[in-house]
Amino acid sequence: MSASRRSGTTDELGPDEPEQPDQPDRDGADLLAALLDGMDAALCAFDADGVVTHWNREAERILGWTAAEAVGRHGFAGWAVREADAEEVEGRLMSAMQAPGRQVHEFALLTKDGGRVLVRTQSAAVHGPDGKPAGVYCAFSEVHAQIDLERSIALSEALFEDASWGVVLVDADLRPAVVNAHAARALGIGRTAVLGRPLGELLAQGVEELESALTHVLAEGAPPAPAEIWVSVRTPEGEQRRCWRCGFVRLSSPLAEEPVPLGVGWLFNDVTAGKQAEQEASLLRFRGNQLHRAARAAAECEDPAEAATIHLDFALAGFADHALIDRVAGDGSLADGDSDVPVRLVRVAATPSGAPGPSLLTGQAGLPVRYAEGHPALQCVERVGSVRASVGSVPAERAREWALARQWPSDAVHALCAVLRSRGRTLGAVTFLRGAGRSPFERSDAAYAEDVALRIAAALDLAGALRK
C-alpha cells in the first residue's frame, strides 16, 4: 500500500461506500497509489522539510515498515537509519534538491525487526509548479539485487560483443533477432544482414535439424546437454561443411504473470576440426583392426591365393563396394626395367557383381582383360603408383557407360587402383570401386589401399612360387 501526507493511507472504495464529492481527486490518488505499488523498485519521497510523503509496497517489503508507519515521519532517524548515521544519510538524500540529475548512493537502512539492509539509492529533486525544488524522491533496492541485475546486463553485453562463441537470439518465428560478431562470422554474413531472415537463407544444409531443435526448445525447454549439428555454410569459396556444438535456452518474459516464450537463446561453437580428427582417428583404428584380422585369417589359409582374397574381403568393409585383382599376364610379374613391354593384365579375383559375398578366384584360362589404353589399372602398373579416377557429375546413363567401358560393374563411379609389388617386381594392380552413394577416394584412402596391396602382393607372390 502506498500513502501520502495529503490523503493518509490509501483505502479502497467498498461497494456500499457513498461517492465522495472530490471524486476526480480521489481517482487521481488511487491512480498514483496503483502506480507506486506496481513499481519493482522501492520508492519513498520527502518534502522540502525532509518529511516522508510517499512509501510504496516494495519499500515495505524490503524494510518491513508499512506506509502508515512511514508517512509523516521526519527523515529516517531512529527508525530506518541508526541515529549515528542519520545526519549523513539525510544530508546525502536532501542534497539532491540542489543537484542536477540523479544522484546514486549506497548506505545501510534498518528493517522493522532490527536487521540491516545495504541498499543502493537513486535520488532526484521534485520541482513544484513554480519550478523550485519542492522535495526529493528516492528509489532504492537491495545492493545484491542491483548487482545481480548489473551482472546480467554486463553478461548480456559481453556475450554479444566479446564472446569467443556464437550467440544468436532466435524469435518465436525461428528468425534471428540478435546476433553477435562471432556468429555473424561463422554464418559468413554481416550482423545486421542476418536479422529477420529465415535460417534456410543462411545455411545450405542442416536447416531442418536446427529448426527442429529450436522448435523443441520453445515447446519443451532447454535440452539437458549440448547437441552437435552438421551444417553447410555458404561462403565466397563455396559451401563449407561445419560441425557446431550447440546449446539452447528458452527465453521467457520476466514481466508476464505466466511464462511467455520470447524465443530461444542459441549458443554454438565450431568443433569441426576436433570432430574430423576424431573421425579420422576412429577410421584409422577400424582399418588397423581390419588389417590385423585379415592377417590372422589369411595365416590359416593353405592356399596363398585364397589368402589374397581374404585380404581383399576384409579391406572392403566400410571402404568400397567392389574390388578386383589383376595380375600381369605371362610370367606374372614385371621388372622395373621392362617399361618398353606392353602391359597386359589377367583378372585373378573379383567380388561378386550381384549379391554380396566373398571374393572369387578367376582367370584360370589366363586370358587378358580387355583394358583400353590409358585404363587406370594399366596406368597404375606402368607408373608403379596409385591412380584415382572418378566419373564426375554426369547423368546416370553416362556414368553407367563410363564404368562398363572400363570393364567395371555398372554402378561404379569412383575408382582407386593400387600397385601390387613384391620382391622388387610389379605383380599387377588391385582396384577398389565405389558407387554413387559414397564420396570419391582421397589420399588417406590411397594409403590404406597400398597397405592392403602389399599383403595381397605377398600372398600372390607366394602362390606363384609354390606353383613353380
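Starting from 1, residues in each chain are numbered consecutively following that chain's sequence as written. Where totals are concerned, whole chains, interfaces and linings use all residues; where local detail is concerned, this predicted model gives features only for residues with pLDDT of at least 70, and gives and counts side-chain atom pairs only at 80 or more. The side-chain figures draw on all heavy atoms in the structure; neither hydrogens nor water molecules are used.

Trainee: Is there a simple way to think about the nonpolar core in this case?
Mentor: In a soluble, globular protein the nonpolar side chains are often hidden away together inside. Nonpolar core, defined: a set of buried Ala, Val, Leu, Ile, Met, Phe, Trp, Tyr and Cys residues in which side-chain atoms within 4.5 Å join the residues together. Remark: exposure states derive from per-residue accessible area (1.4 Å probe, protein chains only) relative to the maximum for the residue type, with buried under 20%, exposed over 50%, and partly exposed in between. Ranked by internal contacts, the top residues of the largest apolar core, which has 33 residues, are Phe319, Ile325, Leu420, Val430, Phe432 and Ile456. Numbering of helices and strands starts at the N terminus; helices are DSSP runs of H or I of at least 4 residues and strands are runs of E of at least 2. Residue assignment for this core shows that the elements contributing at least two residues are α9 (272-298), α10 (304-316), β14 (322-328), β15 (345-350), β18 (414-422), β19 (425-434) and α13 (443-467). Per-element accounting of this core gives the leading share, 9 residues, to α13. We call two residues in contact whenever any of their non-hydrogen atoms come within 4.5 Å of each other. When neighbours within four sequence positions are excluded, Ile456 is seen to be in contact with Ala308, His311, Leu312, Ile325, Leu420 and Val430.

Trainee: Explain the pairing of strand β12 (residues 238-252) here, please?
Mentor: Residues in a regular strand point their side chains to alternate faces of the sheet. Sheet analysis places strand β11 (residues 227-235) next to β12, joined by 9 bridges and oriented antiparallel. Looking at β12, one finds that Glu228 is bridged to Arg245. Any two strands with at least two DSSP bridges between them are considered paired. The antiparallel pairing of β11 with β12 creates a hairpin that spans 2 residues between the two strands. With 9 bridges joining them, β12 and strand β13 (residues 261-270) adopt antiparallel strand pairing. Counterpart to Leu251 in the pairing with β13 is Gly263.

Trainee: Where do I start with unusual backbone geometry in this structure?
Mentor: Apart from glycine, the bulk of residues carry a negative phi angle, and the bulk of peptide bonds sit in the trans form. Here Val384, not a glycine, exhibits a phi torsion of approximately 55°, which is positive. Of note, Val384 is situated in the loop between α11 (376-383) and β17 (387-390). Exposure remark for Val384: the relative accessible area of 38% places this residue in the partly exposed category. Despite not being glycine, Gln407 shows a phi value in the positive range, around 65°. Within the secondary structure layout, Gln407 lies in the loop between α12 (396-405) and β18. Relative accessible area serves as the criterion here: at 26%, Gln407 is assigned to the partly exposed category.

Trainee: Quick question: what am I supposed to make of the packing of α9 against α10 here?
Mentor: When two helices pack together, their arrangement is captured by the angle between the axes and the distance separating the axes. To define axes, lines are fitted to C-alpha atoms, for helices over the stretch in contact only, and angles between the resulting N-to-C directions are given on a 0 to 180 degree scale. Their axes nearest at 9 Å, the elements α9 and α10 cross at an angle of 155°. Taken together, the axes of α9 and α10 are roughly antiparallel relative to one another. Where α9 crosses over α10, the handedness of that crossing is right-handed. Note on element contacts: α10 touches α9 through Ala307, Ile310, His311 and Phe314, opposite Gln290, Arg293, Ala294, Ala295, Ala297 and Ala298. Here the angle decides the label: under 35 degrees means roughly parallel, over 145 means roughly antiparallel, 65 to 115 means roughly perpendicular, and every other value means oblique. By definition, any crossing whose near helix is turned counterclockwise from its far helix by less than a right angle is left-handed, and any crossing with a clockwise turn is right-handed.

Keep in mind these values describe shape, not function.
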